[in-house]
Amino acid sequence: VQLQASGGGLVQPGGSLTLSCAASGIIVSINDMGWYRQAPGKQRELVVRITSGGSTNYADSVKGRFTISRDNAKNTVTLQMNSLKFEDTAVYYCNAKVVAPWGVRDYWGQGTQVTVSS
């Protein structure tokens, strides 16, 4: 199983970016999917998670600005980020709890850099 993330980049404060992540491989189903981020010198933190049924859990710092969605048929998850702030600068990682024939495991994407700068 592999997670491939894309969509990072450089954006000015107040701007928008969309991150996408696609899971591929031998997948029976995917439970939770989500996005985490890690800023320089800080621990990785949860940005948002979404269940297979569409329930979401956002970090307080991104509520009202970020929106997560997923396509269960395509095994993809998307993060729409609006009103970006300097403090959103980080490497963003997608995560998926994948059900495979051998069991349930957490998988991580390779990380994509988001830089908010003027």
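Refer to the structure above for everything that follows.
Please read all numbers here as calculations on a predicted model, not as lab measurements.

Caption draft 1: Main features of the pairing of strand 8 (residues 76–81). Residues Val77, Leu79 and Met81 line the buried face of strand 8, whereas the alternating positions Thr76, Thr78 and Gln80 sit on a face that is not buried. Where strand 3 (residues 17–24) meets strand 8, six bridges bridge the pair, whose relative direction is antiparallel. Looking across to strand 8, one finds that Ser20 is bridged to Thr78. As paired elements, strand 7 (residues 66–71) and strand 8 share six bridges and run antiparallel to each other.

Caption draft 2: Layout of the pattern of salt bridges. This model, assessed by the stated rule, comprises six salt bridges. Taking the shortest distance from any N to any O, the salt bridge between Arg49 and Asp32 comes out at 3.6 Å. With Arg49 in strand 5 (residues 45–50) and Asp32 in strand 4 (residues 29–38), this residue pair connects regions lying 17 residues apart in the sequence. Between Lys63 and Asp60 there is a salt bridge; the shortest N-O distance is 3.0 Å.

Conventions adopted
- Every chain is numbered independently, its residues counted from 1 as its sequence is written.
- Owing to the predicted nature of the model, reporting of local features is limited to residues with pLDDT of at least 70; listing and counting of side-chain atom pairs is limited to 80 or more, with chain, interface and lining totals taken over all residues.
- Side-chain metrics rest on all non-hydrogen atoms present in the structure, leaving aside hydrogens and water.
- We call a residue buried when its accessible area falls under 20% of the maximum for its residue type, exposed when it is over 50%, and partly exposed in between, using a 1.4 Å probe and counting protein chains only.
- The way it works is that DSSP assigns letters per residue, a run of H or I at least four long becomes a helix, a run of E at least two long becomes a strand, and they are numbered from the N terminus.
- In this description, strands pair whenever DSSP reports at least two bridges between them.
- Salt bridge criterion: a side-chain nitrogen from Lys or Arg within 4 Å of a carboxyl oxygen from Asp or Glu.

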